[in-house]
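# Architecture and fold: a report
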Amino acid sequence: MIYNYITIEGNIGVGKTTLANILAEKLNARLVLEQFSDNPFLSKFYKNPEQYAFPLELSFMAERYKQLKELIHTRDLFKSLTITDYLFTKCLLFAKVNLPDEEFRLYQKLFDIIHQQILKPELLIYLHAPVNKLQANIKKRNRSYEQAIPDEYLFNIQEMYTNYIKQHNIKAVFVDASNADFINNPAHVEVILDILSKEYEHGQYYTSLP
Ligand SMILES: Nc1ncnc2c1ncn2[C@@H]1O[C@H](COP(=O)(O)OP(=O)(O)OP(=O)(O)O)[C@@H](O)[C@H]1O
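Worth saying up front: this structure is predicted, and the values here are computed from it rather than measured.

### Brief notes about the site of the ligand
- The immediate surroundings of the ligand are formed by 18 residues, with I12, K16, T17, F36 and F94 found nearest.
- Residues that form the shell around the ligand fall into these classes: 9 nonpolar, 5 polar and 4 charged.

Below, the structure written as structure tokens:
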């Protein structure tokens, strides 16, 4: 394995966690998953975004910082690869969509200080699917608080991710996950394993699934 640390990213409901789990098992990797269900503000936020966006964004940042900071201090002697299903920068991108400008500027100051202490992955795999596919996935998995997410929100998050990756020239492979089925179609997993067997220069790359 060329990589020590990779991240799977993508919009809400695209299937990051499923893929991260499958890869971790196949590659005997250490897996670090987002702990969003423990966040007491998330369901409140979806009901009342104006009131709960700031505490939600702060609490996500605090949790992610705690989880990712530990990566630097702990090593797993039996596992040389670590896989996460989120980038620390995800905090900033969601905050940009959810906070009014003044609050966002305050949030960004904190983010910039903390971000410097976080280890960055060597490669990002970005799963991309159109909004109607994301909505279908969200319906299927049926978390009650997510059922009224507007298309516009998913679209804005997608834009935020893709612009950030391009503007910062992050080493990323975009995978067209419109028809992805990593659970039942081994050929789809093979495509990802093939990506992980290669080295890339900085920049963005695009792959589709068979
Ligand atoms: N910073 C944030 N601000 C607002 N909501 C967030 C933030 N981070 C995560 N969430 C919410 O937490 C929930 C879980 O998000 P996330 O995209 O990480 O996982 P997921 O949708 O289960 O991903 P996947 O299906 O790709 O595994 C979603 O409802 C998402 O909108």
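### What to know about helix α7 (residues 151-167)
- In this model α7 runs 24 Å from its N-terminal to its C-terminal C-alpha over 17 residues, within 8% of the 24 Å that 1.5 Å per residue would give.
- Those residues of α7 that sit buried are L154, I157, Y161 and I165. Along the axis of α7, the buried residues cluster in a sector spanning 65 degrees; they form a single face. Exposed side of α7, more than 90 degrees from the buried face: D151, E152, E159, N163, K166 and Q167 are the residues found there.
- In this structure, the buried residues of α7 make contact with β1 (5-10), α4 (90-98), β4 (123-128), α6 (131-141), β5 (172-176) and β6 (204-208).

### Some remarks on the packing of α4 against α7
- Here α4 crosses α7 at 135 degrees, and the two axes come no closer than 10 Å. Accordingly, the angle class assigned to the pair α4 and α7 is oblique. The handedness of the crossing between α4 and α7 is right-handed. Residues L93, F94, K96 and V97 of α4 form the contact with α7, whose own contacting residues are N156, I157, M160, Y161 and Y164.
- Each residue belonging to the contact of α4 with α7 can be placed in one class, and the counts come to 7 nonpolar, 1 polar and 1 charged.

### Concerning the packing of α4 against helix α5 (residues 101-115)
- For the pair α4 and α5, the least separation of the axes is 10 Å and the interaxial angle reads 175 degrees. By the angle between their directions, the pair α4 and α5 is classed as roughly antiparallel. In this structure, α4 uses C91, L92, A95 and K96 to contact α5, whose residues at the interface are F104, Y107, Q108 and F111.
- Of the residues belonging to the contact of α4 with α5, the class tally is 6 nonpolar, 1 polar and 1 charged.

What counts and what doesn't
Residues numbered from 1 in each chain as written. Predicted model: local features only at pLDDT ≥ 70, side-chain atom pairs only at ≥ 80, totals over all residues. Near = placed C-beta within 6 Å. Nonpolar A, V, L, I, M, F, W, Y, C, P; charged D, E, K, R; others polar. Helix = DSSP H or I, 4+ residues; strand = E, 2+ residues; numbered from the N terminus. Expected span 1.5 Å × (residues − 1). Buried ≥ 20, exposed ≤ 12 C-beta atoms within 10 Å, placed from the backbone. Arc of directions from axis to C-beta. Contact = placed C-beta atoms within 7 Å. Axes fitted to C-alpha atoms, helices over the stretch in contact; angles between N-to-C directions. Parallel < 35°, antiparallel > 145°, perpendicular 65-115°, else oblique. Left-handed = near helix turned anticlockwise from the far one by under 90°.

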